[in-house]
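Results of the structural survey
Here is how the chains run, residue by residue.
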Amino acid sequence: MNSFHPYSRSFLNIIRKIKFYGFSWTINRSIEEFFTPSTVVGKVLNACIYPFFFILLFPARMFCSIFASIFMRSHKTLYLFYDLSCSPVTYDFFWALAEAESQRMLMGLEKTEVIVIPGRESGLRREIPAYAAVLNREKRCKRIFDLLLPATRLFPHCKGITICENRLEGFINYLLFSWNILPRFYNPIFPTAHKTSRVVHTLRQEDSLPIEVPKDVLRYANRLLPIEAKGKKLIVITLREYSYLRKRNSNIREWVRFAKNLDAKKYFPIFIRDIDRKEKRSVYFPKSLPVLKIASSNLLVRAAIYQLSYLNLGVSSGPLALCWFNARAKYLMFNLSKDIDRLESQTPFRVGASPSFSKPYQSWIWEEDKFNIINKTFKETCDQIESGVQKHPS
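To start, this report covers the structure provided alongside it. (Residues numbered from 1 in each chain as written. Predicted model: local features only at pLDDT ≥ 70, side-chain atom pairs only at ≥ 80, totals over all residues. Heavy atoms only, no water.)

Description of the pattern of salt bridges
Taken as a whole and judged by the stated rule, the model has twelve salt bridges. The salt bridge involving R143 is made with D276; its shortest N-O contact spans 2.9 Å. Taken together, the positions of R143 in helix α6 (residues 137–151) and D276 in the loop between β6 (267–272) and α11 (293–297) put the pair 133 residues apart, joining distant regions of the chain. Under the relative-accessibility criterion, R143 is labelled buried at 16%. (Salt bridge = Lys/Arg side-chain N within 4 Å of Asp/Glu carboxyl O. Helix = DSSP H or I, 4+ residues; strand = E, 2+ residues; numbered from the N terminus. Buried < 20%, exposed > 50% of the residue type's maximum accessible area, 1.4 Å probe, protein only.)

As structure tokens, this is what we get:
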């Protein structure tokens, strides 16, 4: 049993990782740290070396950028570089897209385009063995097409996405479009990932959130709903049933109890299950409860269902990012108390509060997903919605 936390970067935690994974992992991780630093020491060394590469590449960048601005109208576009050597193929991509949209507005540009650059580790970034054992390379590569590609359709000003075949192609794109870019100081030699803190700060200043589900997708998703849901308020429950960091998983028995306890004349509960769940390890789930299977695998349908619902509920998990950045998707997200370490390493937030950019009826609930807590919070939120009281998340 490993005694370290996967998201902590403390010195003692690093020592525990070295002891657990061994010499080979340590060497590979040291090389990776040189190019994509995540520790204080690595970032200091990178900051010392980066200026030399910046000066060396400056003439080539200047020439290519002038060419691109004249012949390719690139000066009106913000280019988001999503480098898979330091960025995961997960819903973290939405943080990057949200930052790009906010930055586009601040710079007064017309559109954004995404350039995905393959990582150094077989096209991806190096993951800790515990995560790689749960989600192998094949599954992570599949997410590029199932998650990254369709995600751009939810951001109206994102007009294209390019998936580079190799890092050389990514480097050429960098030379052509290296002025209006995110992350601001990105380069393919020493790639950097987006910073969630900047997203939170910029979104807090905006009146709206960036996700807009296309109308054709909304119409399609509406036709997928069971006929029994018509005339009732749709309650969408998202389950986390992942084999990685299981303590964050949904308490399925409590959610089943909650769904069965709802007034059947007024509400229609529907579940969206985890596409990465292991069937043999899954807790028993009653076949009588409705499950929308296509929403588990189709990102656009999932986003549309979240927007069409009266209220979304679930535990802290990636798919709920589709609610975080959509002002029209009301949601209650539980179990944040079990996710503090990860959130502290990635997201600036106040314990016990919702993100500062959240809209009315969008709440992070720091208590566990127990029936009494779910039911109480649900009723309070429904009362606020019915009475028209727009209580902003604290």
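Here we look at the packing of aromatic side chains
Summed over all chains, the structure comprises 21 aromatic pairs. Ring centres of W95 and F325 lie 5.0 Å apart, and the angle between their planes is 90°; this geometry places the pair in the edge-to-face category. In this pair, W95 is assigned in helix α4 (residues 93–107) and F325 in the loop between α13 (321–324) and β8 (331–334), connecting sequence segments 230 residues apart. As far as the burial class goes, W95 and F325 line up, both buried. With centroids separated by 6.3 Å and ring planes inclined at 75°, the aromatic side chains of W324 and F325 adopt a geometry described as edge-to-face. With relative accessibility at 7%, the residue W324 sits in the buried group. By relative accessible area, F325 is classed as buried at 0%. Grouped by ring-pair contacts, the aromatic residues W255, F258, Y267, Y310, F334 and F378 constitute a single cluster. Over the aromatic face of F285 sits the side chain of R273, whose NZ or CZ is 4.6 Å from the ring centroid. (Phe/Tyr/Trp six-rings, centres within 6.5 Å; stacked < 30°, edge-to-face > 60°. Lys NZ or Arg CZ within 6 Å of the ring centre and 35° of its normal.)

Let's talk about the sheet that holds strand β2 (residues 111–117)
Adjacent strands of a sheet form backbone hydrogen bonds with each other and so pair up, either parallel or antiparallel. In space, the four strands of this open sheet follow the order β3-β2-β1-β4, with parallel pairing throughout. Each edge of the open sheet is held by one strand with a lone partner, namely β3 (158–163) and β4 (181–182). Note: strand β1 (residues 77–83) against β4, two bridges, orientation parallel. Its bridge partner lying in β4, L80 is registered against L182. Relative to the sheet, α6 contacts β1, β2 and β3, its axis offset from that of β3 by approximately 155°. Most of the contacts of helix α7 (residues 167–176) go to β1, to which it runs at about 155°, and overall it touches β1, β2, β3 and β4. (Pairing = 2+ DSSP bridges. Contact = heavy atoms within 4.5 Å. Axes fitted to C-alpha atoms, helices over the stretch in contact; angles between N-to-C directions.)

Structural notes on the pairing of β6
β6 sits mainly inside the fold: six of its six residues count as buried. Because side chains alternate across β6, one face comprises the buried residues Y267, P269 and F271, and the other comprises F268, I270 and I272, equally buried. Pairing of strand β5 (residues 233–238) with β6 involves six bridges; the strand directions are parallel. Each residue of the ladder has a partner; that of I235, found in β6, is P269. Between the parallel pair β5 and β6, the chain is carried across by helix α10 (residues 252–261), and the sense of this crossover is right-handed. (Right-handed = clockwise from strand over helix to strand, strands pointing away.)

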